[in-house]
Amino acid sequence: MFAALGAVSWMSIARAEDPDFPVPVFTTVAVYPGASPEDMEQLVTEPIEKQLKTLEDVKKLESTSSDGLSVIKVEFEATVDVERKYDQVIREVNALRATLPASLQRLEVKRNENSDLSVFQLALVAPSAPWQQVDDVAKRIEDALERVPGVKKAERWAAPPREMQITLDLGRLSQLGLTPAQLLNALGSDNTQIPGGSVDVGTRRYNIATTGRYRSAADVERTVVAGANGATVRVQDVATVQWADGDVVHMGRWNGQRAMWVTVSVQKGNNVSAVKANVWEALDALERTLPAGITLSRGFDQSANVDERLSRLGWDFAIAIGLVLITLLPLGTRASIIVMISIPTSLAIAVILLYATGYSINQLSIVGFVIALGLLVDDSIVVVENIARFLREGYSRTQAAIEATKQIGVAVLGATGTLIFAFLPLLFLPGLAGKYIRSLPLAVVYAVLASLFVSLTIIPWLASRLMPSEEGAEGNAVLRWLDGGIHRTYAPLLKRAMAYPRATLVASFGLVVGAFALVPAVGFSLFPKAGTPQYHVDITTPEGTSLRETDRAVQYAEAVIGGHPNTRGIFANVGKDNPDVYYNVFQRAEAPNRAQMFVLLNQYDNDATPVMLDSLREKLSLYPGARIELKEFENGPPIDAPIAMRIEGSNLDTLQRIAAQYEAVLKSTEGTQYVNNPVRLRRSDLRLVVDKQKAGLLGVPSAEVERTLRLGIAGLQAGSIRADNGDEYPLTVRLAHNGRPAPEALERIFVSSVNGAMVPLSQIATLRFVSSPTTIDHNDRTRAVTVTSYVRSGYNTDAVTRQVIERLGNITLPVGYALVPAGEIESREESFGGIGGAVVVAVFAILAILVLEFRDFRTTLVVASVIPLGVVGGIVALLFSGYTLSFTAMIGFVALVGIEIKTSILLVDFTDQLRREGVGLDEAIQRAGEVRFLPIVLTTMTAIGGMLPLAFQGSGLYSPLAWVIIGGLVSSTLIARLVTPVMYKLLAPALVRDEELARAPSGGFAVGQGGELLA
């Protein structure tokens, strides 16, 4: 039954590359064309910030004000109701709309959801086809894909906006005594549709439809502007009307050829691989209908990453099961088969529970199952080994199963309880990092709970049916060899340690102190690289650079990267970032000086790929006049950069001066790369200065100057028109010009006066160059500048960051200005602070279980003494494997606490049992150590066997965790098997003998430390 339910759950459970969880981060975007960064800060950013700050549970409030754009990001505490907070943010922004500038072009609130990420990105390649035709094909694909089951939405990208253009003839307007404002008013009033209501005719009711909305260019041309000289003036008399492409703001190329994108996101809770099959089937049908000159390339497919991780999981399972089988040889063939049954059964139950609680199969839950693989058989090994020992003592199979399970059942319950409580606090880690890793501990907890159930129910039943009726007194050859090795090596060492208990403890304490001294050499980090066969290249040219000049830098990067044999495909975006494909990398606002390339690799090799990327970085750095930054995708919550130094203050000039000093320090620090100072250069713009006195004399209102300037440069939107395909497109009024307008175009612009005369703009206004800041950033409503840097391969982020902070400490800041280390160090403090609390909770929960089980504080201390001994091996393993103390490594230490306690309980519990049977203290310790050493070694070897494939995989996410557990288990097995008996001897609890306990109605006799009876 469990196998069948597990198979059904495995087929139905959602699969994704990363965990899907609600993110309480919302971004408000305001577009106000022509406004300077200072204007955006004062008129838009500050009012919105002030309003959002009034909401409860605001954790972080950041904003960027740039040329015509304001982006305000608010992050709430991770515990809030995300839907409720989203509604509150929308309500506050909408309430503020009336107080913001009336000519805001766009004001919207965006939410960050993992389900909005593009899991498929397609390229419609059209080297020479008209954009209108390409966009129509993309629209057809978009509509078809949105009907596919499991698809949340499909979107089109990288095509110039289509619009209905109305190009004015200012000379003709002037002859007729009309102004552009009259034409705009006519278009606005004529392009409306108000329901006319309904009328009754006899027994029937008829709705009255109006025909106000424009449907074609002819409808626009027939619009009446005014009457002049006894005749009607229509739009066609003073302007030309036609469909056209708007200004290009986002260009796309797929492998060097002009293209546009269609992206697909999947509904939450769906299996991305199953959705892919449906999407690909729809694309097969659509591809056969593509017109000549347009081809479809299926570029990015996230399901390939998911399938790769799952196939790697299957391979790891196969290797781990083989290693586990080897470790079970001492138990014999039948016992090994019985133990191995616990693996698929426990995993099936765990998948059922994971599916029932709404979690998915992702890279974190996969890690949880791999960790659990080495722990699933622990309980079963202990139970089966104890049953085999009872069989060797002459019990029948049924008696042996009952008595052996009864003897060790409490110890197994306590040991498993400590393991579960080691992982349980990880479920409640705070912040986004806690949400990100939650499926990992949950997978472990479910699997371990399942293994406990299996080991105490199914395994004893199978043993009573399948174990041999008689067991040789010494077991099989492998068991005899192991027992002989234990008696030859471990037994003498244990006797020597018991003879010199204090010296043993001092030596162990020295090892612990020495291990902790190695921590600075190991170093710290947060989350590692994702290790996916994709990366992105961010390209930034100086502020004010044209789109065409930025494209030259992109073409250079395409040539360098496209020439490498491991490059499979390149999505090149000019003017805008690539659509979001990774959960912690977000699109920047569109700008002509920005570009981004999304690069697909044939494969990712943990050793060769980083070297290849460093080689490409060197070549890309040779391009002058642009910042070309090649970046790998990283795990964990989003951060500005690994190293980020934020300066907070009030004066922009002072902030710029300090930022320049910080930039110099970061650039001169060994190990840094891609140092970025966002305020290094000021932006140069043209400002139109109107002579208001002259304009007043000529009867030209200031508003008319601004309106006409907008007409001449960018055009004014006069409404919208619904095309035949059902989409709405802007109705744009503009003056005639070829391509992008140049400053000389201002000389051809005339402004209408109040009496209808056309006045040359150059007669009442002049152009001047002015400088302004490129951006103005706020952090919690305070002006701030963040100087960022990435870290070169081979350098430890923590070490480089500490060196940077030390050097920055020599710079004296003015009063009212402060340095705030951000980036990875800020995120690490939050994440590690949470995991530190988890460790404390785990330790105290485990101690509580031990006190309840043993009812003695001294025994609890004996069992818990194993904890620091495992830390020794974990730190040493990280040092020799070259990994740092990352977030996942710290999770490994938390898991290690539970695993170590589990083995320690088995030893101490059996020692207590022997003493209750009347065995002397030293003899009980010696016998328990030798008898329990075998199952402890077997469980340790199975756990290590389960971790080895993960450790040698070379994954920055999985391998540190695996090495911590492997190293900790090795050190705790070698050292704790001596220290725990010594601690027991020094802190031996007073126990009541079984026969005396049965005889005495109350009180009774206790056993002293020397084994004597105590009244």
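Here we summarise the structure given alongside this text. (Residues numbered from 1 in each chain as written. Predicted model: local features only at pLDDT ≥ 70, side-chain atom pairs only at ≥ 80, totals over all residues. Heavy atoms only, no water.)

1. Points about the overall build of the chain
- A count of helices and strands for the chain gives 32 helices and 33 strands.
- Along the longest, intermediate and shortest principal axes, the C-alpha atoms of the chain span 125 × 80 × 60 Å.
- By sequence separation, contacts in the chain at least 24 residues apart represent 79% of the contacts at least 6 residues apart.
- On the chain, roughly 42,900 Å² of surface is accessible, and the fraction owed to carbon and sulfur atoms is 56%.
- Taking the 92 positively charged and 102 negatively charged side chains of the chain as two groups, their mean positions are separated by 1 Å. (Helix = DSSP H or I, 4+ residues; strand = E, 2+ residues; numbered from the N terminus. Contact = heavy atoms within 4.5 Å. Areas by Shrake-Rupley, 256 points an atom, 1.4 Å probe, with all protein chains shown as cover. Lys, Arg positive; Asp, Glu negative; His and termini not counted. Charge placed at Lys NZ, Arg CZ, Asp CG, Glu CD.)

2. Quick notes on the sheet that holds strand β7 (residues 162-168)
- Strand order in this open sheet of four strands is β12-β7-β24-β23, and the pairing throughout is mixed. Two strands lie at the open edges of the sheet, namely β12 (239-245) and β23 (716-722), each paired on one side alone. Strand after strand, the sheet turns through a mean of 30° between neighbouring axes, direction not considered.
- Summarising the sheet, β7 and β12 pair through seven bridges and their orientation is antiparallel. By the bridge assignment for β12, threonine 167 is matched with threonine 240.
- Along the sheet, helix α6 (residues 180-190) makes contact with β7, β23 and β24 (728-735), crossing β23 at roughly 25°.
- Packing of helix α23 (residues 702-713) onto the sheet brings it into contact with β7, β23 and β24, and relative to β24 it is tilted by some 105°. (Pairing = 2+ DSSP bridges. Axes fitted to C-alpha atoms, helices over the stretch in contact; angles between N-to-C directions.)

3. So, the pairing of strand β14 (residues 257-266)
- Burial of β14 is extensive: eight of the ten residues sit out of reach of the surface.
- Relative to β14, strand β5 (residues 120-125) runs antiparallel, the two being bridged by six bridges. What sits directly across from phenylalanine 120, in β14, is valine 264.
- For strand β13 (residues 251-254) and β14, the ladder comprises two bridges, and the chain directions are antiparallel. Bridged to arginine 253 within β14 is arginine 258.
- In sequence, β13 turns back onto β14 through a hairpin of two residues, with asparagine 255 there showing a positive phi of about 50°. (Buried < 20%, exposed > 50% of the residue type's maximum accessible area, 1.4 Å probe, protein only.)

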